[in-house]
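Residues per chain are reported as follows:
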Amino acid sequence: MTWDLFNIIGTIAFALSGVIVAMEEDYDIMGVYILGLVTAFGGGAVRNLLIGLPVTALWEQGTLFTIALIVMTFAFVFPIWINKWLKWGMFFDAIGLAAFAIQGALFAKGMGLPLSAVIVAAVLTGTGGGIIRDILAGRKPLVFRSDIYVLWAILGGLVIGLGIASSTWQLVILAMVIVTLRMLSVQYKWQLPHRHVKEISH
């Protein structure tokens, strides 16, 4: 039940973030649907491939596809709401990151995979859809930007992999923490250490 809850939340949040990016790039309705769907389901598809699940597992999520299509259609038909949501695009992405990182970690944990695999599953599920979305939109993926992104997915995978959070309320709190940290990293431009090749050559 908890896994399904975060799956639904992540699907809605990432579908909306895909729609927002598509409209910012002035895509037509097909572009809106495609970008929304790959954002909502891309991370899970990549995760499934890497842990050995068949690609066809993606098509068993009929209810989630229906939810995503309804959300995207509503957003396209009533663009006045999207205009109000544009400034919330980063917030929707943060919600999707948190929900799908937790969902991916729970998925791997439920399969009895080791801690490292749980963390990888959290990262791939939480960031995969956003990476595909940004690449298709011709943007630099959020994962590679200066403010911290992927670290919060790793945090979610670590907490779940170590068994620190397992009940529904603990996972909800974890999701809220990830969203808060992600938004703080944007607001205050927190960065991970990085090097430029010119710095190394001197």
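Residues numbered from 1 in each chain as written. Predicted model: local features only at pLDDT ≥ 70, side-chain atom pairs only at ≥ 80, totals over all residues. Heavy atoms only, no water.

All right, on to a nonpolar patch on the surface then. Nonpolar side chains collect at one region of the surface, where I29, M30, I34, F74, F76, V77, F78 and L136 lie side by side and expose about 710 Å² of accessible area between them. Contributing elements (two or more residues each) for the nonpolar patch: helix 2 (29–50) and helix 3 (62–77). Note on placement: V77 falls in helix 3. (Patch = residues over 30% accessible without salt bridge, like charges linked within 9 Å, V, L, I, M, F, W, Y side chains within 5 Å. Areas by Shrake-Rupley, 256 points an atom, 1.4 Å probe, with all protein chains shown as cover. Salt bridge = Lys/Arg side-chain N within 4 Å of Asp/Glu carboxyl O. Helix = DSSP H or I, 4+ residues; strand = E, 2+ residues; numbered from the N terminus.)

Attention now moves to the packing of aromatic side chains. Taken as a whole and judged by the stated rule, the model has 3 aromatic pairs. A ring pair is formed by Y188 and W190, whose centres lie 6.5 Å apart and whose planes are at 20°; its orientation type is stacked. Classification of Y188 as exposed rests on a relative accessible area of 56%. Classification of W190 as partly exposed rests on a relative accessible area of 33%. (Phe/Tyr/Trp six-rings, centres within 6.5 Å; stacked < 30°, edge-to-face > 60°. Buried < 20%, exposed > 50% of the residue type's maximum accessible area, 1.4 Å probe, protein only.)

What follows covers the environment of A101. Along the chain, A101 turns up in helix 5 (residues 89–110). A101 sits in the buried class, given a relative accessible area of 0%. Spatially, the C-alpha atoms of A101 and I154 are 8.0 Å apart, while their sequence positions differ by 53 residues. Ignoring anything within four residues of it in the chain, the contact list for A101 reads G96, A122, G126 and A153. (Contact = heavy atoms within 4.5 Å.)

Across the interface, helix 2 lies against helix 3 with an axial gap of 10 Å and an inter-helix angle of 140°. With respect to helix 3, the element helix 2 is oriented oblique. Seen along the crossing, helix 2 lies across helix 3 with a hand that is right-handed. Contact with helix 2, carried on its side by I29, V32, Y33, G36, L37 and F41, involves L64, F65, A68, L69, M72, T73 and F76 of helix 3 and no other residues of that element. (Axes fitted to C-alpha atoms, helices over the stretch in contact; angles between N-to-C directions. Parallel < 35°, antiparallel > 145°, perpendicular 65-115°, else oblique. Left-handed = near helix turned anticlockwise from the far one by under 90°.)

Relative to each other, helix 5 and helix 7 (residues 150–161) sit at 35°, their axes nearing to 9 Å. Crossing handedness for the pair helix 5 and helix 7: right-handed. Across from L97, A101, I102, A105, L106 and K109 in helix 5, the residues of helix 7 making contact are W152, A153, G157, I160 and G161. Looking at the contact of helix 5 with helix 7 residue by residue, the class counts come to 8 nonpolar, 2 polar and 1 charged. (Nonpolar A, V, L, I, M, F, W, Y, C, P; charged D, E, K, R; others polar.)

Distances and angles like these do not, on their own, reveal function.
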